[in-house]
Structure formats: structure tokens, C-alpha cells
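Overview (structure and organization)
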Amino acid sequence: MKNFILGLAVLSTVLMKAQTQIIAHRGYFQAQPSTTENSIKSLENAQKLKVYGSEFDVRMTKDGVLVINHDEHHGKMEISETSFKELEALKLSNGEKFPTLKDYLKQGKKDTSVKLIVEIKPDKTPEIENEITRKTIKMIRDMKLESQSEFISFSLNICKEIKKLAPSFKVQYLNGELSPEQIKKEGLDGMDYHYSVFQKNPTWIAEAKALGLITNSWTVNEVAVYDELKKQGIGFVTTNIPEQLKNK
């Protein structure tokens with residue numbers, strides 16, 4: 001009987017691992033009540049929803065402060081050309097203060113079951129990208145969040161710099177032009193592509209899995225697209241509707 005129970009436990013673990021996991025895109029901001037993407041509240045909502053992870057975007061101000069924002073601009077201010085003090089004066093639309101990476105990670109640390117999916121945004125030069133990458137990794141290490149953090153970027157340079165500085169960190173490339181074989185050759189851990197890329201290349205998910213790569217897709221906001229990717233065995237999807245896809 002013990003062996004039977006043990007067998008069931010192992011099988012259920014395998015099945016759980018095989019299930020497509022859900023990542024909240026820029027946090028769970030379309031909750032009720034709704035909030036603002038990339039806000040501390042959106043991360044807190046994702047933590048309450050108990051999804052696999054919550055994705056957010058890292059940029060650097062003119063004076064070297066790491067902040068959370070998707071666009072290059074906060075209001076009319078270009079983040080890379082503006083001091084943090086000036087940026088901080090403009091609050092988010094939900095009334096929160098403009099979030100730093102440190103503040104965001106502090107909230108992330110409150111629930112270790114939800115992964116922090118760190119997207120480091122491309123910048124104007126490889127040198128600036130490398131500086132942002134170094135500072136981000138240092139902060140994550142200082143806060144002892146290594147095992148909770150995973151990394152993505154549209155910049156191949158940033159992806160490779162992360163692997164150079166922290167070989168054990170999981171890194172996925174976002175841009176979509178590299179095949180599974182090329183991702184493997186670059187020494188990265190996976191591909192996190194727009195779902196249209198997988199639609200155009202229907203063998204890539206299976207090829208990536210055969211190579212031991214992580215497979216993820218963004219931004220999957222239609223149930224039909226999710227079902228299509230799930231049938232192909234994709235490992236993760238990043239979505240603005242995590243509550244709808246979580247138990248499908």
C-alpha cells in the first residue's frame with residue numbers, strides 16, 4: 001500500500017510539472033479592484049492569486065537608480081535621462097509612489113512561492129545594459145532572492161551578460177528570431193516568445209523541450225490561444241488574465 005501511495009505521489013508530481021504554468025504579466029493589474037501594471041499592488045495581487053510567477057520590467061534612471069517601469073517614459077519624462085527624485089514626484093495612476101527595484105523585491109520576498117520574473121529592458125549601449133544587469137544581479141543576491149528570481153530580456157547582450165555573471169540563473173530570450181538550436185548554442189535556458197512566433201514555427205516547442213529548454217509565450221490573453229499552446233506542451237504562458245487561465 002505504501003508503494004502504491006508513493007507511486008501516486010510521484011505521478012502527481014510529474015503531472016504537476018507537466019502542466020502549463022501561469023505568469024502574471026506586469027503583475028496581476030486587472031484584478032478587482034483594478035490597479036496599475038508594474039505596481040507593488042499588482043505584484044501583491046499576483047501573490048494572492050498564487051500563480052507561478054509575476055513578471056516586471058527593470059530600467060535605470062540617469063543617476064543610476066533601478067526602477068520598475070515598462071515604457072521608456074514615466075509621464076513625459078524619459079527615465080534614462082531623468083533623476084530618480086524628478087521621476088518620484090509623479091505617482092503611478094493608482095496613487096502609489098514610483099517603484100524602485102528594491103521596493104518591488106521587498107514585496108516579492110513576502111511570498112517565496114511566487115517567482116519573480118525579472119525583465120531587464122534593453123538600453124542605448126551595451127555598456128549601459130551591462131551596468132543595469134550587474135546592479136540588478138547584485139541587488140537580488142544582496143536580498144538573497146537568487147532561488148526566487150528568473151530572468152528575461154529582448155536584448156541578447158543582456159541575456160548573455162546574466163549567464164556570464166550568474167551561470168546558475170535561469171535566462172530566457174524574448175525577441176523571437178532564434179531557433180531552439182540557436183538558443184541552446186548561445187548558452188541560454190529557454191525561449192519566451194510572442195505566441196505568433198510559435199504559430200509560425202509549430203515544431204519549436206517540441207524541439208525546445210527535446211533540447212531541455214524552457215518554453216514560455218507572451219502575452220496570451222485569449223483562452224483559445226492558451227489551449228493551442230497547452231496542447232503543444234508549452235511550459236509557461238505570460239498573461240494579463242491569469243485568473244482565467246490559472247485553473248484551465
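Calculation notes
Residues numbered from 1 in each chain as written. Predicted model: local features only at pLDDT ≥ 70, side-chain atom pairs only at ≥ 80, totals over all residues. Heavy atoms only, no water. Pairing = 2+ DSSP bridges. Helix = DSSP H or I, 4+ residues; strand = E, 2+ residues; numbered from the N terminus. Salt bridge = Lys/Arg side-chain N within 4 Å of Asp/Glu carboxyl O. Buried < 20%, exposed > 50% of the residue type's maximum accessible area, 1.4 Å probe, protein only. UniProt positions renumbered as here; feature names shortened; annotations may be inferred. Core = buried A, V, L, I, M, F, W, Y, C linked by side-chain atoms within 4.5 Å. Contact = heavy atoms within 4.5 Å. Polar contact = N/O pair within 3.5 Å; in protein donor to acceptor, adjacent residues only side chain to side chain. Right-handed = clockwise from strand over helix to strand, strands pointing away.

1. Brief notes about the pairing of strand 1 (residues 21-24)
If a strand is regular, its side chains alternate between the two faces of the sheet. As judged from the 4 bridges shared by strand 1 and strand 11 (residues 236-239), these two strands associate in the parallel manner. Residue pairing for strand 11: Gln 21 is matched across the bridge by Phe 236. Strand direction decides the pairing type here: strand 1 and strand 2 (residues 53-60), joined by 2 bridges, are parallel. Its bridge partner lying in strand 2, Ala 24 is registered against Ser 54.

2. Details of the pattern of salt bridges
Side chains that differ in charge, positive against negative, can pair when their charged atoms come close. This structure, assessed with the given rule, holds 15 salt bridges. Arg 26 is the partner of Glu 37 in a salt bridge, and the nearest nitrogen-oxygen pair spans 2.9 Å. Highlighted residues: Glu 37 in the loop between strand 1 and helix 2 (40-49) and Arg 26 in the loop between strand 1 and helix 2, separated in sequence by 11 residues. Take Glu 37: its relative accessible area is 29%, and that puts it in the partly exposed class. Judged by relative accessible area, which is 14%, Arg 26 ranks as buried. One salt bridge in this structure joins Asp 103 and Lys 97, with 3.4 Å as the shortest N-O distance. For Asp 103, a relative accessible area of 23% corresponds to the partly exposed category. Residues joined by salt bridges that share partners form a network here, namely Arg 26, Glu 37, Asp 57, Glu 119 and Lys 121.

3. Side note on the UniProt feature "domain: GP-PDE" (unreviewed entry) in the chain
UniProt records the feature "domain: GP-PDE" (unreviewed entry) at residues 20-248, using the numbering of this structure. Taken as a whole, residues 20-248 contains 36% helix and 21% strand, while its terminal C-alpha atoms sit 9 Å from one another.

4. Points about unusual backbone geometry
Put simply, Gln 32 and Pro 33 share a cis peptide bond, and its omega is -5 degrees. Checked against the element boundaries, Pro 33 lands in the loop between strand 1 and helix 2. In the Ramachandran plot, Lys 50 falls in the positive-phi region, its phi being about 60 degrees despite a non-glycine side chain. By the element assignment, Lys 50 lies in the loop between helix 2 and strand 2.

5. Some details on the nonpolar core
Phe 56, Tyr 193 and Leu 229 are the most contacted members of the largest nonpolar core, which has 53 residues in total. The contact partners of Phe 56, leaving out residues within four places of it in the chain, are Asn 38, Ile 68, Leu 101, Tyr 104, Leu 105, Leu 116, Ile 117, Val 118 and Glu 119. Judged by nonpolar contacts, the second largest core, of 7 residues, contains Ile 23, Tyr 52, Ile 117 and Ile 214.

6. A word on helix 6 (residues 156-165)
Ile 158, Cys 159, Glu 161, Ile 162 and Lys 163 are the residues of helix 6 that are buried. Against the buried residues of helix 6 lie strand 6 (115-120), helix 5 (126-142), strand 7 (149-153) and strand 8 (171-173). The backbone nitrogen of Asn 157 lies 3.3 Å from a side-chain oxygen of the residue at the head of helix 6, namely Ser 155.

7. Some words on the pairing of strand 7
Among the 5 residues of strand 7, 5 are classified as buried, and the element is accordingly described as predominantly covered. In this sheet, strand 7 lies alongside strand 6 in parallel orientation, the contact comprising 4 bridges. Bridge pairing links Ile 117 to Glu 150 in strand 7. The β-α-β motif built from strand 6, the intervening helix 5 and the parallel element strand 7 has right-handed crossover chirality. As defined by bridge partners, strand 7 adjoins strand 8 across 3 bridges and the pair is classed as parallel. Looking at the pairing, Phe 151 lines up with Val 171 of strand 8.

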